[in-house]
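A look at the structure
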Amino acid sequence: MNANMYCDILKQSMIPSFRKLDCRTVFQHDNDPKHTSKTTTALLKKLRVKVLDWPSMSPDLNPIEHLWGILKQKVEERKVSKSTELREVVMEEWKRIPVATCEALVNSMPKTERQARVKGCPIHYL
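Because the structure is predicted, anything quoted here is derived from the model rather than measured.

1. Digging into the nonpolar core
The biggest cluster of nonpolar side chains holds ten residues, and these are Tyr6, Cys7, Leu10, Met14, Ile15, Phe18, Phe27, Leu43, Leu44 and Val49. Secondary-structure elements contributing two or more residues to this core are helix H1 (3–19) and helix H3 (38–46). Looking at which element gives the most residues to this core, the answer is H1, with six residues. Among all residues touching Leu10, those that are not within four sequence positions of it are Ile15, Pro16, Phe27, Thr40, Leu43 and Leu44.

Okay, here's the thing in structure tokens:
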């Protein structure tokens, strides 16, 4: 995916959903080149979308990254051998992740932010 494709997705999906939220809502994405491109930055500025400043080299600040890790581990434990079964297994394992796990990851963000401010401090979730 490149910046133009990313902007198309933002315009088609994210922006309409984003507009339905509270006016104080802040958009979060990381420092992937397509996210920080001039094209994307200009689009978000034009649409007056407030974007969360994101420190470089910090993918572990995003709770979804840890959720993907949990899902990956669960899928690997199932030892899927056929690619045709993979989608089904991923969907099954996704549905089995407790809401409490998601809530714990989100609720860990204030603590995570404080830890990130301390240079060299590892970040612990859950």
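Next comes the rest of the write-up.
2. Focus: the layout of surface pockets
There is about 150 Å³ of room inside the second largest pocket. Around the second largest pocket, the lining comprises 13 residues; the ones closest to its centre are His29, His35, Thr41, Val51 and Leu52. When contributions to the lining of the second largest pocket are tallied by element, the ones reaching two or more residues are helix H2 (33–36) and H3. Looking at the lining of the second largest pocket element by element, the count peaks at three residues for H3. Of the residues contributing to the lining of the second largest pocket, the split by class is five nonpolar, five polar and three charged.

3. What to know about unusual backbone geometry
A negative phi angle is the norm for most residues apart from glycine, just as the trans form is the norm for most peptide bonds. A positive phi angle, close to 55 degrees, is found at Arg48, a residue other than glycine. One can find Arg48 in the loop between H3 and helix H4 (63–77). You will see that Lys79, though not glycine, has its phi angle at about 50 degrees, which is positive. Residue placement: Lys79 occurs in the loop between H4 and helix H5 (83–96). Its relative accessible area of 68% is what places Lys79 among the exposed residues.

Procedures and definitions
Residues numbered from 1 in each chain as written. Predicted model: local features only at pLDDT ≥ 70, side-chain atom pairs only at ≥ 80, totals over all residues. Heavy atoms only, no water. Core = buried A, V, L, I, M, F, W, Y, C linked by side-chain atoms within 4.5 Å. Buried < 20%, exposed > 50% of the residue type's maximum accessible area, 1.4 Å probe, protein only. Helix = DSSP H or I, 4+ residues; strand = E, 2+ residues; numbered from the N terminus. Contact = heavy atoms within 4.5 Å. 1 Å grid on protein atoms, 1.4 Å probe; cavity = no way out; pocket = protein on both sides within 12 Å on 5 of 7 lines; lining within 4 Å. Points joined across faces, edges and corners; volume = space filled by probe spheres on them. Nonpolar A, V, L, I, M, F, W, Y, C, P; charged D, E, K, R; others polar.

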